[in-house]
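# A structural walkthrough
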Amino acid sequence: MTTLADNVEQALRADLVRGIHPPGGRLQMEKLAERYGAGMSPVREALSRLYAEGLVSLESNKGFRVPALSRDDLADIAFARTAIETAALRRAMERGEIAWEASLVSALHTYRLTSRDLDTSDADRLRAWQAAHDGLHRALISGSGSPRIEKIQERLLVQHSRYRQLLYRIPIDFDVHEREHVDLVEAVLERDVEGAVSMMASHIAITLDVLDQWGIWKETG
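All residue numbers refer to positions counted from 1 along the written sequence of the respective chain. Where totals are concerned, whole chains, interfaces and linings use all residues; where local detail is concerned, this predicted model gives features only for residues with pLDDT of at least 70, and gives and counts side-chain atom pairs only at 80 or more. Note: side-chain values were computed over all heavy atoms of the structure, leaving out hydrogens and water.

Our next topic: helix α10 (residues 206-213). Within α10, burial applies to T207, L208, V210 and L211. Along α10, the residues classed as buried sweep out an arc of 170 degrees about the axis, all on the same side. Secondary structure counts use DSSP, requiring at least four H or I residues in a row for a helix and at least two E residues in a row for a strand, with both numbered from the N terminus. One or two residues past the end of α10 sits G215, with phi positive at roughly 60 degrees. Think of it in three bands: residues with accessible area under 20% of the maximum for their type are buried, residues over 50% are exposed, and the middle band is partly exposed, with areas taken using a 1.4 Å probe on protein chains only. Arc, as used here, means the arc of the directions from the helix axis to the C-beta atoms.

Shown next as structure tokens:
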């Protein structure tokens, strides 16, 4: 059964990822209660859950805040994702059966369809593309058979998504991005373990590499 705290958590998570609440800014419970149409208790519970996910920070005597964006934080997220997803991908390629392969083909197809219609200025299309992109990454490691790994990946994907928003400020060749995923899935289906793992590691590093290249950190402080 979905509770009011569940609804607040979902809506607040989406707003944090989209940057609706500015990084480093204070999350005032009264304003959140008004925005999400809920009482203080559901808001407090939602904030506590998101704190556990690393999407909200808590300072003594200062309350909840939106974590600041920094290069060091993104580098740590990328490091953790690489460690988790490459290990899980290796295991998935060892254990994955036909049903898993079919799920990859389906997830890739959905991702490619949303890529063709992608317009970063269109919020609905962008959300569809982001959901398809993350869905493909979930599918890639789902064959590992580890629910714990999948939960860790989910948290890291959401944390990484906050930084992905910065990419939309600069020109990105999404055709190249799509090609990388196609090549990755092909390597996985061919059971090219080392090739697929290498592609996965390189792909996860892209956000950090591109933001470094464009000097975005000066803008974000």
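Attention shifts here to the packing of aromatic side chains. Under the pairing criterion, centres of Phe, Tyr and Trp rings, with the six-membered ring standing for Trp, must be within 6.5 Å; the plane angle then separates stacked pairs below 30 degrees from edge-to-face pairs above 60, leaving the rest tilted. Enumeration according to the criterion identifies one aromatic pair in this entry. Ring geometry for Y111 against W129: centres 6.4 Å apart, planes inclined by 40 degrees, an arrangement best described as tilted. One end of the pair, Y111, is in helix α5 (residues 98-116); the other, W129, is in helix α6 (residues 123-142), and 18 residues separate them in sequence. Residue Y111 is classed as buried on the basis of its relative accessible area of 0%.

Moving on, we get to the packing of helix α4 (residues 71-95) against α6. Only the stretch in contact is used when a helix axis is fitted, and all axes are lines through C-alpha atoms; the angle between N-to-C directions ranges over 0 to 180 degrees. Put simply, α4 and α6 touch, their axes get as near as 7 Å, and they point 50 degrees apart. Comparing their axes, α6 and α4 come out oblique. Across from R81, E85, A88, L89 and A92 in α4, the residues of α6 making contact are H137, L140 and I141. Angle categories: roughly parallel below 35 degrees, roughly antiparallel above 145, roughly perpendicular from 65 to 115, and oblique for all the rest. Only heavy atoms matter for contacts: two residues are in contact if any of them lie within 4.5 Å across the pair.

Looking now at the packing of α5 against helix α8 (residues 174-189). A packed helix pair is summarised by two numbers, namely the angle formed by the two axes and the spacing between the axes. Orientation of α5 relative to α8, taken along the N-to-C sense of each, is 170 degrees, at an axis distance of 11 Å. Accordingly, the angle class assigned to the pair α5 and α8 is roughly antiparallel. Taken together, the residues of α8 that come into contact with α5 (itself represented by W100, E101, L104, V105, L108, Y111, R112 and S115) are H177, E178, H181, V182, V185, V188 and L189. Of the residues belonging to the contact of α5 with α8, the class tally is nine nonpolar, three polar and three charged. Ten residue types, Ala, Val, Leu, Ile, Met, Phe, Trp, Tyr, Cys and Pro, are classed as nonpolar, four, Asp, Glu, Lys and Arg, as charged, and the remainder, Gly among them, as polar.

What follows concerns α8. Under the 1.5 Å per step criterion, the end-to-end length of α8 is 23 Å for 16 residues, consistent within 8% with the ideal 22 Å. Every buried residue of α8 is accounted for by H177, E178, H181, V182, L184, V185, A187 and V188. In the stretch just after α8, R191 is the one whose phi turns positive, near 60 degrees. Expected helix span is given by 1.5 Å per residue-to-residue step, counting one fewer step than there are residues.

This part covers the nonpolar core. Here, nonpolar core means buried Ala, Val, Leu, Ile, Met, Phe, Trp, Tyr and Cys residues that are tied together by side-chain atoms lying within 4.5 Å of each other. Membership of the largest hydrophobic core comes to 37 residues, with the highest contact counts inside it found for L89, L140, V188 and L211. Those elements that place two or more of their residues in this core are α4, α5, α6, α7 (147-167), α8, α9 (193-204), α10 and α11 (216-220). Excluding its chain neighbours within four sequence positions, the residues that come into contact with L211 are L74, Y163, L166, L167, I170, I216 and W217. Of all hydrophobic cores here, the second largest spans 19 residues; its members include M29, A33, A38 and L50.

It is worth spelling out the pattern of salt bridges at this point. Counted as salt bridges are all cases of a side-chain nitrogen of Lys or Arg within 4 Å of a carboxyl oxygen of Asp or Glu. Taken as a whole, this structure holds 19 salt bridges when the rule is applied. Among the ionic pairs, R65 bridges to E59, the shortest N-O distance being 3.6 Å. Residue E59 is classed as partly exposed on the basis of its relative accessible area, which comes to 32%. A salt bridge links E154 to R138; its shortest N-O distance comes to 2.5 Å. Of this pair, E154 sits in helix α7 while R138 sits in helix α6; the two residues are 16 residues apart in sequence, bridging distant segments of the chain. Looking at E154, the relative accessible area reads 29%, which means it is partly exposed. Within the structure, one salt-bridge network assembled from shared partners comprises D6, E9, R13, E45, R49 and E53.

This brings us to the environment of R91. By secondary structure assignment, the location of R91 is in helix α4. The class for R91 is partly exposed, based on a relative accessible area of 36%. Along the primary structure R91 and L55 are separated by 36 residues, whereas in three dimensions their C-alpha atoms are 29 Å apart. Apart from the residues lying within four places of it in its own chain, the contact partners of R91 are G143, S144 and S146.

What follows is about the environment of E178. Among the structural elements, E178 can be located in helix α8. Through-space distance from the C-alpha of E178 to that of A68 is 29 Å; in sequence the pair is 110 residues apart. With near-sequence residues (within four places) excluded, E178 lies in contact with Y111, R112 and S115. A polar contact is formed between the side chain of E178 and the side chain of R112, at a distance of 2.7 Å. Whenever a nitrogen or oxygen atom comes within 3.5 Å of another N or O atom, the pair is scored as a polar contact, on the condition that within protein one atom can donate a hydrogen and the other can accept it, and that pairs from neighbouring residues in sequence are kept only if both atoms are in side chains.

These results come straight from atomic positions and should not be treated as a statement about function.
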